[in-house]
Amino acid sequence: LLAFLLTHSMLSRGFGRRWLNRPFGPEAERPLFILATGITLATLALGWETCGPLLWKHEGGLKLIAKVLQSAGLLLAAWAIFVAGTGRFLGLPHLKALETGRQAPPPEFVALPPFSWLRQPVKLGFLLLLLGMPTVTVDRLLLSGLTWSWGFPLTCRRSRSCWNSGGLGSLR
């Protein structure tokens, strides 16, 4: 978990961005960032072993509600990524620019739903996914808490407009 958090945090800042620009230039920054953080996240997911006592396990109607919450979170995150442009999200225009020797097109973003309704729809979708876990052990609760406390408040701290707009997931 620490490897993912450090990789993701360090590579998104000034020193890490300069380091990513060295081998192939600025067009490769986004794809290299996605590759490095993807490898650490995949390693975390594949190596994770559940441990600790069971805190809760939903059965029957509660399990159905938990699954609906998870599905809503997954759909919200997927919808937001699709609207933002899946290729741009993965850095594909940057790879094409690197391949052709041109500069990557400037990012343009029109605030379509869900972005016109919510501040961070992708992160809110993942939070709903975590909150809807029907079976929770101490380690899963700790991972969810760390993920939320690392991702959501830091997003607001990095963006001054977040404080002015009412914070995370605020309706506009």
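Each chain carries its own residue numbering, running from 1 in the direction its sequence is written. Where totals are concerned, whole chains, interfaces and linings use all residues; where local detail is concerned, this predicted model gives features only for residues with pLDDT of at least 70, and gives and counts side-chain atom pairs only at 80 or more. Water and hydrogen atoms were dropped before computing side-chain values, which therefore reflect all heavy atoms in the structure.

Glancing now at the overall build of the chain. In this description a helix means any DSSP run of H or I spanning at least four residues, a strand means any run of E spanning at least two, and both kinds are numbered starting from the N terminus. Scanning the chain from terminus to terminus reveals 9 helices and 2 strands. If you list the helices and strands of the chain from N to C, you get α-α-α-β-α-α-α-α-β-α-α. Within the chain, the fraction of its 172 residues that count as buried is 30%. Any two residues whose heavy atoms approach within 4.5 Å at even a single point are treated as in contact. In the chain, the share of contacts with a sequence separation of at least 24, taken over all contacts with a separation of at least 6, comes to 77%. Computed with a 1.4 Å probe, the accessible areas rest on the Shrake-Rupley method; for each residue, only the protein chains presented here act as cover. Looking at the chain as shown, the accessible area adds up to about 11300 Å², and 69% of this sits on carbon and sulfur atoms. With a 1.4 Å probe rolled over the protein chains alone, any residue whose accessible area is under 20% of its type maximum counts as buried; one over 50% counts as exposed, and the rest are partly exposed.

Moving on to the environment of Ala 78. Structurally, Ala 78 can be placed in helix α4 (residues 61-84). Under the relative-accessibility criterion, Ala 78 is labelled partly exposed at 43%. For the pair Ala 78 and Gly 125, spaced 47 residues apart in sequence, the C-alpha separation works out to 8.3 Å.

Packed helices, taken two at a time, are described by the angle between their axes plus the distance between the axes. Direction vectors running N to C along α4 and helix α7 (residues 121-131) enclose 160 degrees, while the axes themselves pass 7 Å from each other. Put simply, α4 runs roughly antiparallel to α7. Like other packed secondary-structure pairs, α4 and α7 cross with a definite hand, here left-handed. Listed contacts from α7 to Leu 69, Gln 70, Gly 73, Leu 74, Leu 76, Ala 77, Ala 80 and Ile 81 of α4 are Pro 121, Val 122, Leu 124, Gly 125, Phe 126, Leu 128, Leu 129 and Leu 131. Residue composition of the contact of α4 with α7, by class: 13 nonpolar, 3 polar and no charged. For every element, the axis is a line fit to its C-alpha atoms; helices are fit only across the contacting stretch, and the angle between N-to-C directions ranges from 0 to 180 degrees. Note that the term roughly parallel is reserved for angles under 35 degrees, roughly antiparallel for angles over 145, roughly perpendicular for angles of 65 to 115, and oblique for everything else. Less than a right angle of anticlockwise turn of the near helix away from the far helix marks a crossing as left-handed, whereas a clockwise turn marks it as right-handed. Amino acid classes used here: Ala, Val, Leu, Ile, Met, Phe, Trp, Tyr, Cys and Pro are nonpolar; Asp, Glu, Lys and Arg are charged; the rest, including Gly, are polar.

Here the focus is the pattern of salt bridges. Salt bridge, as used here: a side-chain nitrogen of Lys or Arg that lies within 4 Å of a carboxyl oxygen of Asp or Glu. Applying the stated criterion across every chain yields a total of 1 salt bridge. For Arg 17, the salt bridge is made with Glu 29, and the minimal N-O distance between the two is 2.5 Å. With Arg 17 in helix α2 (residues 14-24) and Glu 29 in helix α3 (residues 29-47), this residue pair connects regions lying 12 residues apart in the sequence. The buried category is assigned to Glu 29, whose relative accessible area is 15%.

Next up on the list: the confidence of the model for the chain. A residue-level look at the chain finds 84% of positions with pLDDT of 70 or above and a mean pLDDT of 77. Per residue, pLDDT measures the predictor's confidence, with a range of 0 to 100. Confidence, read as mean pLDDT per element, is least for helix α9 (residues 160-165) in the chain (41) and greatest for α4 (91).

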